[in-house]
Amino acid sequence: MSGLSKERLERLHRVLAGHVERGAVPGLVAAVARDGDEHVEVLGSHTAGGGAPVRRDTIFRIASMSKPVTAVAALTLVEERVLRLDDPLDDLLPELAGRRVLRRPDGPLDDTEPAARPISLRDLLTFRLGYGLTTPSGAPIAAAMAERGVNVLPPRADYPAPDEFLRRLGELPLLHQPGAGWHYHTGSVVLGILLARACGKPLGDVLRERVLGPLGMRDTGFTVPADRLHRLPVEYWHDPARGLVVYDDPADSAWSRPAALDDGGADLVSTVDDYLAFARMLLAGGTHGDVRILSRPTVELMTTNQLTPAQLTASAPLLGRDELTGWGFGVSVATTRDGLPTPGRYGWDGGLGTTWFNDPKERLTGILLTQRMFDGPTPPAVARDFEVLAYQAVA
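Every chain is numbered independently, its residues counted from 1 as its sequence is written. Where totals are concerned, whole chains, interfaces and linings use all residues; where local detail is concerned, this predicted model gives features only for residues with pLDDT of at least 70, and gives and counts side-chain atom pairs only at 80 or more. Excluding hydrogens and water, the side-chain values take into account all heavy atoms of the structure.

**Comments concerning the overall build of the chain**
1) Next: What counts as a helix is a DSSP run of H or I of at least four residues, what counts as a strand is a run of E of at least two, and both are numbered from the N terminus. When you go through the chain residue by residue, the secondary structure sums to 11 helices and 15 strands.
2) Next: Atoms counted for the radius of gyration: C-alpha only. Globule rule: 2.2 Å times residue count to the power 0.38. Taken over the C-alpha trace, the chain has a radius of gyration of 20 Å; the compact-globule value for 395 residues is 21 Å, and the two agree within 12%.
3) Next: Counting only C-alpha atoms, the chain reaches 60 × 45 × 40 Å along its principal axes.
4) Next: Working definition of accessibility: Shrake-Rupley area with a 1.4 Å probe, residue cover restricted to the visible protein chains. As presented, the chain carries roughly 15,400 Å² of accessible surface, and 52% of it is formed by carbon and sulfur atoms.
5) Next: The averaged location of the 50 negative side-chain charges in the chain is 3 Å from the averaged location of its 42 positive side-chain charges. Positive charges come from Lys and Arg alone, negative charges from Asp and Glu alone, with His and the N- and C-terminal ends not counted. By convention, the point assigned to a charge is CZ for Arg, NZ for Lys, CD for Glu and CG for Asp.

Next up, the structure:
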C-alpha cells in the first residue's frame, strides 16, 4: 500500500510549479516521504530568469534548519555523559558565569540583580538562557547586543571569533533569570561554542563526527568546497520596488570560505537527500539504517514541548507562526490541533528560504528548499502551500 497519493502529488507539482513560473522563487527542491514512499520535486533554476537548472543535489543555505542538527550533536554528548542537561556550564563557559540579570527587560543595563542559578545546557537548547534576538523593541539590551556584534545572523561576514563572541556577550546582563523566558537564536550560537570546547575541536568537526558522517550527509557543512560551488544557487531577498535582489552570489559567497565563527544555529548548507537522512533518523527514533545516533527516549525528549504555559503566552505567536505552539530542543513542536499538523509534529524553518517538518502520527516528512529569503517571520506562500500539499497527499 502506498503511503502517498499519486493523483494528489500531481496537485503538489502543479502548485509548486506555479510559484516558480510566477517568479516567486527562482527554483526549489521539495520532498515528501511517508511509509517508505518518497516523492521529490525539482523545479526552476539557480538564478532568477533562467540559467543552470536546479538539480536534486543543489546545495541550499538552510539557515535555522541548522538548529536541530546542532541540538542532536549536543544530545549525543548527553547520552555519553560528557554533558548533562541541568548541570552548570561555568567550567566550559566561564565568560557566562556569575551572571547579572536585568530587573526589567527594557530597563537600563546597570539596573540588575544576581542570577538565581547558573546557565545550563537545557537553557541553551530551549533558548531560555536569558539572551536572544527577540528582545523588547528599543530596549538598551538590544542596542548593546548590536553594538557588540553578538546578534549574529547570516551571511557571516562580520562575526567575531568564538572566544571573542563570548567575551562580548559576557559583558551584558541577562534579559531574565535563566530558564524564565524564551528568546530566539542566541542559545544556538552559544551551544555551538560549547560543543567545540567540550570536544576540543571545531564545531564543524563535531557535527561531522557525531551526525553528518554517520548519516552520510556529505554535502552538509559550514562551507561549500570549490569543486561544489557550481551546485550552490544565487541567494535572493525581495525588495518591493526592485523585485529579487542578490543576497549571496556563489562567485564570492560567504559560504565559499571559513568564517571566524561557525554559527550552529544558522550557517549550515545542505541538500534535500542529506536532510532527508537527518529527518528520517529522528522519525525512526534515532536510527538510520544500521546507524543509531540517539536513543528513542532522547528523540522524544528533544521533540516534546519544553516551555511553560506562561512562557508560551509571552512568546506567542512563536516568531509569527500561530500554528506553532511549543518549543523543544532546537525544534518547534505542535501541541494543539489547530490545522493539518497533528500534536507532536516538529521541525523548523530556515529564514533564507527553507522549511522542514516531521509528523510522527502521520509518519510524514516534508522538506522544502528554495533560495529566496523569507520576507519576515511568517513563511511565504510557497512554504505555507507546501505544508498543506504535503498533508493532502497522504494516502
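**Focus on the packing of aromatic side chains**
1) Next: Aromatic contacts are taken between Phe, Tyr and Trp rings whose centres are within 6.5 Å, Trp giving its six-membered ring; a plane angle under 30 degrees counts as stacked, one over 60 as edge-to-face, and the others as tilted. If you walk through the whole model with that rule in mind, you get 13 aromatic pairs.
2) Next: When the ring of phenylalanine 357 is compared with that of tyrosine 391, the centres are 5.4 Å apart and the planes differ by 10 degrees; the resulting orientation is stacked. Remark: tyrosine 391 occurs in helix H11 (residues 381-392) and phenylalanine 357 occurs in strand E14 (residues 354-359); sequence separation between them is 34 residues. Across this residue pair, the class does not change: phenylalanine 357 and tyrosine 391 are buried.
3) Next: Within the aromatic cluster, the residues linked to one another by ring pairs are Phe127, Trp182, Tyr184, Trp327 and Trp348. Burial status follows relative accessibility: with a 1.4 Å probe on protein chains alone, a residue under 20% of its type maximum counts as buried, one over 50% as exposed, and anything between as partly exposed.

**Some thoughts on the pattern of salt bridges**
1) Next: Whenever Lys or Arg places a side-chain nitrogen within 4 Å of a carboxyl oxygen from Asp or Glu, that contact is recorded as a salt bridge. Tallied over the entire structure, the rule returns 29 salt bridges.
2) Next: Because the salt bridges share partners, they merge into one network encompassing Arg55, Asp57, Asp219, Arg228 and Arg231.

**Structural notes on helix H1 (residues 6-21)**
1) Next: In a helix, the anticipated span is given by 1.5 Å times the number of residues less one. Taking 1.5 Å per residue, 16 residues should reach 22 Å; H1 reaches 22 Å between its end C-alpha atoms and fits that length.
2) Next: Taken together, the buried positions of H1 are occupied by Leu9, Leu12, Leu16, Ala17, Gly18, His19 and Val20.
3) Next: Any two residues having at least one pair of non-hydrogen atoms within 4.5 Å are treated as being in contact. Buried residues in H1 make contact with strand E1 (27-34), strand E2 (37-47) and H11.
4) Next: Just beyond H1, the residue with positive phi is glycine 23, at close to 85 degrees.

**Remarks on the pairing of strand E8 (residues 243-248)**
1) Next: Whether two strands pair depends on DSSP finding at least two bridges between them. Sheet topology note: the strand E7 (residues 235-239)/E8 ladder contains five bridges and is antiparallel. Counterpart to glutamate 235 in the pairing with E8 is aspartate 248.
2) Next: Once E7 ends, the chain turns through three residues before running back antiparallel as E8.

**Observations regarding the sheet that holds strand E15 (residues 364-370)**
1) Next: The strand order across the open sheet formed by seven strands is E3-E2-E1-E15-E14-E13-E12, and the pairing between neighbours is antiparallel. The outermost strands of the open sheet, each flanked by one partner alone, are strand E3 (50-53) and strand E12 (332-333).
2) Next: Direction of pairing for E1 relative to E15: antiparallel, over a ladder of seven bridges. Counted as the bridge partner of alanine 33 is threonine 365 from E15.

**A short note on unusual backbone geometry**
1) Next: Despite not being glycine, arginine 81 shows a phi value in the positive range, around 65 degrees.
2) Next: Relative to the helices and strands, arginine 81 resides in the loop between helix H2 (66-79) and strand E5 (100-102).

**Topic: the nonpolar core**
1) Next: Nonpolar core, defined: a set of buried Ala, Val, Leu, Ile, Met, Phe, Trp, Tyr and Cys residues in which side-chain atoms within 4.5 Å join the residues together. In this structure, Leu121, Phe165, Phe278 and Trp356 are the most contacted members of the largest nonpolar core, which totals 77 residues.
2) Next: Once residues lying within four places of it in the same chain are set aside, the contact partners of phenylalanine 165 are Val150, Val152, Pro160, Thr186, Val189, Val190, Ile193 and Leu261.

**Details of the environment of leucine 16**
1) Next: You can see leucine 16 is positioned in helix H1.
2) Next: On the basis of relative accessibility, which here comes to 0%, the residue leucine 16 falls in the buried class.
3) Next: In sequence terms leucine 16 and aspartate 37 are 21 residues apart; their C-alpha atoms lie 20 Å from each other.
4) Next: Once you skip the residues sitting within four places of it in the chain, leucine 16 turns out to touch Leu28, Ala30, Glu41, Leu43, Val382, Phe386 and Leu389.

**So, the pairing of E2**
1) Next: One ladder, built from eight bridges, connects E1 with E2; its direction is antiparallel. Pairing of valine 29 across the sheet is with valine 42, part of E2.
2) Next: Turn length for the E2-E3 hairpin, with the two strands adjacent in sequence and antiparallel, is two residues, and the turn residue glycine 49 shows positive phi of about 90 degrees.

**Let's talk about the side chain of histidine 176**
1) Next: Positionally, histidine 176 belongs in the loop between helix H5 (162-169) and helix H6 (186-199).
2) Next: A distance of 3.0 Å separates a polar atom in the side chain of histidine 176 from the backbone oxygen of glycine 181.
3) Next: Ignoring anything within four residues of it in the chain, the contact list for histidine 176 reads Val101, Arg128, Leu129, Gly130, Gly181, Trp182 and His183. Think of a polar contact as two N or O atoms within 3.5 Å of one another; within protein, one of them needs to be a possible hydrogen donor and the other a possible acceptor, and neighboring residues in sequence only count if both atoms come from side chains.

**Considerations on helix H4 (residues 140-148)**
1) Next: Where H4 is concerned, the buried positions are Ile141, Ala144 and Met145. Each buried residue of H4 lies within a common arc of 100 degrees when the element is viewed along its axis, so the set occupies one face.
2) Next: Contacts made by the buried residues of H4 are with E5 and H6.
3) Next: Looking at the residues trailing H4, positive phi occurs at glycine 149, about 70 degrees. Read the arc as the range of directions from the helix axis to the C-beta atoms.

**Quick word on the packing of H2 against helix H8 (residues 272-283)**
1) Next: Note on definitions: angles span 0 to 180 degrees between N-to-C directions of axes, and those axes are lines fitted to C-alpha atoms, for helices only across the stretch in contact. Close contact between H2 and H8 brings their axes to 12 Å; oriented N to C, the two are set at 50 degrees. Comparing their axes, H8 and H2 come out oblique. Our pair here, H2 against H8, has a crossing hand that is left-handed. Facing Pro68, Val69 and Val72 of H2, the residues of H8 in contact are Tyr275, Phe278, Met281 and Leu282. Oblique is the label for any angle not under 35 degrees, not over 145, and not in the 65 to 115 range, which are roughly parallel, roughly antiparallel and roughly perpendicular in turn. Take the far helix as the reference: if the near one is turned anticlockwise from it by less than a right angle, the crossing is left-handed, and if turned clockwise, right-handed.

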